[in-house]
Structures are given as C-alpha cells and as structure tokens.
Amino acid sequence: MNELWAGVRSELEARVGTHNFATWIAPLDLRAIEGGSADIACPTRFLSDWVSRHYARPILDALSNQGAEVERLNFTIATGAARPAPAASASPAPAPEQPAARVPARGIMGDDEMSAPLDSRFTFDNFIVGKPNELAHAAARRVAEGGPVTFNPLFLYGGVGLGKTHLMHAIARERQARDPEARVLYLSAEQFMYRFVRALRERTVMNFKELFRTVDLLMVDDVQFIAGKDSTQEEFFHTFNALVDQGKQIVISADRAPGEIKDMEERIRSRLSCGLIVDLHPTDYELRLSILQSKTELFRATYPGLTLCDGVLEFLAHRITSNVRVLEGALQRLFAFASLTGHDIDLDMTQESLADILRASDRKVSVEEIQRKVAEHYNIRLSDLVGPKRVRTLARPRQIAMYLAKQMTSRSLPEIGRRFGGRDHTTIMHGVRKIEELRREDRSMAEDIDLLRRALEM
C-alpha cells in the first residue's frame, strides 16, 4: 500500500504542480482499497471537501496508472493524517512562529489553509466591557452565536489598543466552539494581499478564489492596508460580494470609519458601510480601572506575595489614557519590578518605575497643533482657519478647533481667542457650545471629533 501511494503521489506532484501538491495532496494518506473503493484519510473536513471536488479525478487516474482497480474515493477525517507541507519556493520563507498559545483552535482554518493563528488570551470571558465598547461587544457576541444576522458586514473601528483584534479573535473562537464544522477564516488585510499576490505569481488564482469563497465566516483585520492597492481591492470586492450573496458573514476591522479610509475605492466604501459600523471609543476612567483590576488578579497568580497599595490602580487609570496596551504594559512592569526588588507596589515606586510612560502620557497638546491638525483634516489653509472669513466651510472647522482647544488644553477662553485671530472669549464660548450640541445630534460630527482627538493624543 505504501509503495502504491508513493507512486500515486509522485505522479500527482508532476501533474498538479509542487505548490498544489504540497497544499492539497501531501496531507492525504491512502489507508485501504477494498471493493473498488479507496479509503483516503484527511486531517480536516475542509481539506476532504476541497480535494473531493477538485482532485478526485486526478487521484483516480493516478491510482489506475499504478495498477489499482479503483472506481471511487472515500474520504475520512483522521487526525493521524499528515499535515500539509509548505510549498517549495525560490527563496524559502522563515517558518511561522506557532507557540502553544497561538495554535489555531480545532476546526479553524489553519495557516496552511490561509488563516492566521488565534491568540488564546483573546476571548469574550476576559474582554472587559464598559460604556465605550459595549455596543461593539454585543455585536461581536451576536455574530459569534451564528445563525441569521441582520447586519453584514460587522465593521469595527477605533484607535490602537482599544480591543478590535481581541474581539475578532473572540468571535472566531466562539463561533468554532459552537459549530466545529464551520469554516472560519481570520487574517489581516496585509496577509490577504500577500496571499493574493502569491496566487498571481504562481498562477493559482482560481484556487485562491474558491478557497476564500467557500468560508462561512470571513474576518479581515486592519482593512485600511489594502487602500491604494488596486488589484487587491478588486479581488477583495468580488470576494465580499460573493460571500454576501451566499449569506455568509463578514467581519472587518480598521483604524477609522469606511468613509475616512483614503485611497479606498468608493464601491468598497459603500459595501463596507452597508452593515453595522461600530466605533470602539477611547476608554474612560471606569473602564480603565476595571481592566486594571482584572489584570491585577491574573498578575497576583504569577507574582504571589506582592503587596499592591491602595490608590495605585486609581492613579494609573487616571494618568495613562492612551490605550489599553500601554496600561497593561505599565501594570506588568510594576509587578515585575516589585518582584525583582522586593518592594511593595506603592505610589512612590509606581512614579519611579513608570517615569517614561507617565511623561509620555502627560504630553501637552498646544492650540497651534490643534489648528494645524484640523486644517489638514478638512483640507483648508491654516490662515483661513484663524482668519476673518465666516463662510460655512471655514466656520464649522474653526468651531471644532475651538472646541478641541478648550477640551484638550489648559488655556483660558481669552487665550484661545487670541490664537484664533484675536477673537473675543464670547465667540469661543459660542463655538464650543455649538459643537457640543452638534456632537450629540450628528454622528458624523462626533466621529470627526473623535478621530481628531485620537490623532492629537498619539
């Protein structure tokens, strides 16, 4: 049997090519031939479905050429079957890192089937929910449950370290736990582009298309990276349409709303906007404190016996407002420093060991910096923003700049007025109140202001 299968494999490699052989044929194992049926073991259900649709005839022909009397193939799922070997290439790529915590969950389409590995730390159970992210969490939970969803795609966007990737991984894991047979494909937009370019180079575009269009749940992280890549955008657009037409769910993440992604084709922006768009807002004090308290419980297990003094977590939640990753990194450093030095974690030690992080968090934003950023965002001249013209196209950005200056700096209203062409403090006050009203009523306005604020805080 082994000699027969070796001959079949050799013939198939010459027939289908090295890349296709390594991806689809190498993982198979011929177990038995009986009654005109060949029993072939596959490591995954997806692989067996794909091979039975695309390579059944070549396998039957190769078996016949090797002298076996076989009329049909019977594919079975067996964990003992070989896993696909990486395809040979002119310049070997480094082996992907696969630590234990990042091995794809059972049934998730693995790296050999184009999916990125999932991080076992990112689950719904350890995602801290607060007002800034409660809608995103609820929408992600709904998608993870499977079944009909009234919104497609789900588009998550927000700044760095606000939980987009955490929710994406959590959706994939939860969906697979509920339905082990579901074909879940998670990858970054950069990986999508890389896989597509490789398919073009190796002339396996049809395989690429069929693979991406037979999934039940497609998840693409950081979609802004395909902006400006015409061929990749074209393929992404057709893949998107094919899946939506089949009723398959799509989840997308980005660092900004679809309408804010520069160099993205208008038809893709329109498609991305047709589902549910959810903004993960910057964390507030209560959410940051909840995250710190949750992480502290985990660190206590790693560093038993350390004393965390009152007020430290509140101090960190108040001072470090940039993103959750920085917050978690600061707490990790505190526990590591305390374990090495034997000191209690008090406010003095916190300020000493986190001096660089605290300085970065204290970065002051100037009125002039706000003016430049607003002028750039609305594509107007800085001189017009602070000048006397009162046309609407200038007046509204000017009021937004006044509002941000009041919110993000310690300058008084008269001082802000002087930096806006010598305007009276009552003019500044009126502009601030007007934007506060519009922000509550106009979602687009609120998104613009949040985007500007995040850009200024970076």
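If you look the chain up in an unreviewed UniProt entry, it shows as Chromosomal replication initiator protein DnaA from Paracoccus solventivorans. Per UniProt, the chain has the following entry under Subcellular location (unreviewed entry): "Cytoplasm". The UniProt entry for the chain carries the following text under Sequence similarities (unreviewed entry): "Belongs to the DnaA family."

*Asks:* It is not clear to me how the overall build of the chain should be interpreted in this structure. Could you clarify?
*Replies:* Counting secondary structure elements, the chain contains 21 helices and 8 strands. Relative to its 458 residues, the chain shows a buried fraction of 48%.

*Asks:* I'm lost on empty space enclosed by the protein in this one. Help?
*Replies:* A probe matching the size of a water molecule, rolled over the atoms, marks out where space remains unfilled. A complete count under the given rule lists 1 cavity of 30 Å³ or more for this structure. Forming the boundary of the largest cavity are Tyr157, Arg256, Ala257, Glu260, Glu447, Asp448, Leu451 and Arg454. The biggest single contributor to the lining of the largest cavity is helix α21 (residues 443–457), with 4 residues. Of the domains in this structure, domain 2 (102–280) and domain 4 (367–457) are the two that each give at least three residues to the lining of the largest cavity.

*Asks:* Mind showing me how you'd approach the nonpolar core here?
*Replies:* The nonpolar side chains of a soluble globular protein tend to be buried with one another. With 29 residues, the main nonpolar core has Phe155, Leu218, Val223, Phe236 and Ile252 as its most contacted residues. Among the elements of the structure, β4 (154–158), β5 (184–188), α7 (189–201), α8 (205–212), β6 (217–221), α9 (230–245), β7 (249–254) and α10 (266–272) are those that each provide at least two residues to this core. Apart from residues lying up to four places away in sequence, Ile252 is in contact with Pro153, Leu154, Phe155, Leu156, Val220, Val223, Phe236 and Leu272. Formed by 28 residues, the second largest nonpolar core is a distinct cluster that contains Ala38, Ile40, Cys42 and Trp50.

*Asks:* Where do I start with the pattern of salt bridges in this structure?
*Replies:* Pairing of side chains with opposite charge becomes possible as their charged atoms draw close. Under the counting rule described, the total for this entry stands at 21 salt bridges. Here Lys209 ties to Glu235 by a salt bridge, and the two come within 2.7 Å at their closest N and O atoms. With Lys209 in helix α8 and Glu235 in helix α9, the pair connects residues that are 26 residues apart, well separated along the chain. Arg267 is paired through a salt bridge with Glu265; the nearest N and O atoms lie 2.7 Å apart. When its relative accessible area of 33% is taken as the criterion, Arg267 is described as partly exposed. Taken together, the salt bridges that share partners define one network made up of Arg15, Arg57 and Asp61.

*Asks:* For this particular structure, what's the right way to read unusual backbone geometry?
*Replies:* Generally, phi is negative for residues other than glycine and the peptide bonds are trans, each holding for most cases. Across the junction of Asn152 and Pro153, the peptide omega takes the value 10 degrees, indicating a cis bond. Mapped onto the elements of the fold, Pro153 is located in the loop between α5 (134–144) and β4. One non-glycine residue, Asp263, lies in the positive phi region at around 65 degrees. Its relative accessible area of 60% is what places Asp263 among the exposed residues.

*Asks:* Looking at this model, I keep getting lost on the UniProt feature "binding site: ATP" (unreviewed entry) in the chain. Mind explaining?
*Replies:* The feature "binding site: ATP" (unreviewed entry), as given by UniProt, occupies Gly161, Gly163, Lys164 and Thr165 in the numbering adopted here. Counting through the fold element by element, Gly161 comes out in the loop between β4 and α6 (164–178). With near-sequence residues (within four places) excluded, Gly161 lies in contact with Asn323, Val324 and Arg325.

*Asks:* Help me understand the sheet that holds β4 in this model?
*Replies:* Across a sheet, paired strands are connected by hydrogen bonds in the backbone, their directions being either parallel or antiparallel. With respect to topology, 5 strands assemble into an open sheet ordered β5-β6-β7-β4-β8, the strand pairing being parallel. The open sheet is flanked by β5 and β8 (276–280), the only strands paired with a single partner. Direction aside, the axes of adjacent strands within the sheet are offset by 15 degrees on average. Where β4 lies against β7, 4 bridges are found, and the strand directions are parallel. Within β7, the position partnered with Leu154 by the bridge is Val251. α7 rests against β5 and β6 of the sheet, and its axis sits at about 95 degrees to β5. On top of the sheet, α9 reaches β6 and β7; it is set at about 140 degrees to β7, its chief contact.

*Asks:* How should the side chain of Gln224 be read in this particular structure?
*Replies:* Position of Gln224 among the secondary structure elements: in the loop between β6 and α9. Within polar-contact distance, the side chain of Gln224 engages the backbone nitrogen of Asp255 at 3.3 Å.

*Asks:* How should the packing of helix α16 (residues 367–377) against helix α18 (residues 392–408) be read in this particular structure?
*Replies:* A pair of packed helices can be characterised by two numbers: the angle between their axes and the separation between those axes. In contact at an axis separation of 9 Å, α16 and α18 are set at 145 degrees when each is read in the N-to-C sense. Here α16 runs over α18; the crossing is right-handed. Two secondary-structure elements touch here, α16 through Val367, Ile370 and Val374 and α18 through Pro397, Ala401, Leu404, Ala405 and Met408. Across the contact of α16 with α18, the residue classes tally to 8 nonpolar, no polar and no charged.

*Asks:* Looking at this structure, I do not really get helix α13 (residues 324–341). What am I missing?
*Replies:* For an α-helix the count is 3.6 residues per turn, leaving residues at separations of three or four pointing the same way. With 18 residues, α13 extends 26 Å between its outermost C-alpha atoms, agreeing within 8% with the 26 Å of an ideal straight helix rising 1.5 Å per residue. Those residues of α13 not exposed but buried are Val324, Leu327, Ala330, Leu331, Leu334, Phe335 and Ala338. Along the long axis of α13, the arc covered by the buried residues comes to 130 degrees, so they all point the same way. Seen from the buried face of α13, the exposed residues on the opposite side, beyond 90 degrees, are Arg325 and Leu340.

*Asks:* So what exactly am I meant to see when it comes to α6 here?
*Replies:* Taking 1.5 Å as the rise per residue, α6 with 15 residues should run 21 Å; its terminal C-alpha atoms sit 21 Å apart, in good agreement. Turning to α6, its buried residues number three or more, namely Lys164, His166, Leu167, Met168, His169, Ala170, Ile171, Ala172, Arg175 and Gln176. Where α6 is buried, its residues meet α5, β4, β5, β6, β7 and β8.

About the criteria used
Sequence order as written defines residue numbering, which begins from 1 separately in each chain. Only residues with pLDDT of at least 70 get local features here, since the model is predicted, and only at 80 or more are side-chain atom pairs given and counted; chain-wide, interface and lining totals rely on the full set of residues. To get the side-chain values, all heavy atoms of the structure are used, and hydrogens and water are removed first. UniProt positions are given in the numbering used here, feature names are shortened, and annotations may be inferred rather than shown by experiment. The secondary structure listing takes helices from DSSP runs of H or I that are at least 4 residues long and strands from runs of E that are at least 2 residues long, numbered from the N terminus. In this scheme, a residue with accessible area under 20% of its type's maximum is buried, one over 50% is exposed, and one in between is partly exposed, where area comes from a 1.4 Å probe on protein chains only. Definitions used for this entry: grid spacing 1 Å over protein atoms alone; cavity, a set of points where a 1.4 Å probe fits but cannot get out; pocket, an open set with protein on both sides within 12 Å along at least 5 of 7 lines; lining residue, one with an atom within 4 Å of a point. Grid points are joined across faces, edges and corners, and a volume is the space filled by probe spheres set on the points. An automatic or database domain assignment supplies the residue ranges for each domain. Remark: nonpolar core denotes a set of buried residues (Ala, Val, Leu, Ile, Met, Phe, Trp, Tyr, Cys) joined through side-chain atoms within 4.5 Å. Residues count as neighbours in contact if any of their non-hydrogen atoms are within 4.5 Å of one another. Here, a salt bridge means any Lys or Arg side-chain nitrogen found within 4 Å of an Asp or Glu carboxyl oxygen. Two strands qualify as a pair provided that DSSP identifies no fewer than 2 bridges between them. As a rule, the C-alpha atoms of each element are fitted with a line to give its axis, helices using only the stretch in contact, and angles between N-to-C directions run from 0 to 180 degrees. Under the rule applied, a polar contact is a pair of N or O atoms within 3.5 Å (in protein, one hydrogen donor and one hydrogen acceptor; residues adjacent in sequence only if both atoms are side-chain atoms). The crossing is said to be left-handed when, going from far helix to near helix, the turn is anticlockwise and less than a right angle, and right-handed when the turn is clockwise. Think of it as three bins: nonpolar holds Ala, Val, Leu, Ile, Met, Phe, Trp, Tyr, Cys and Pro, charged holds Asp, Glu, Lys and Arg, and polar takes everything else, Gly as well. In this analysis, the expected span of each helix is defined as 1.5 Å times one less than the number of residues it contains. Note that the arc is defined by the directions from the helix axis to the C-beta atoms.

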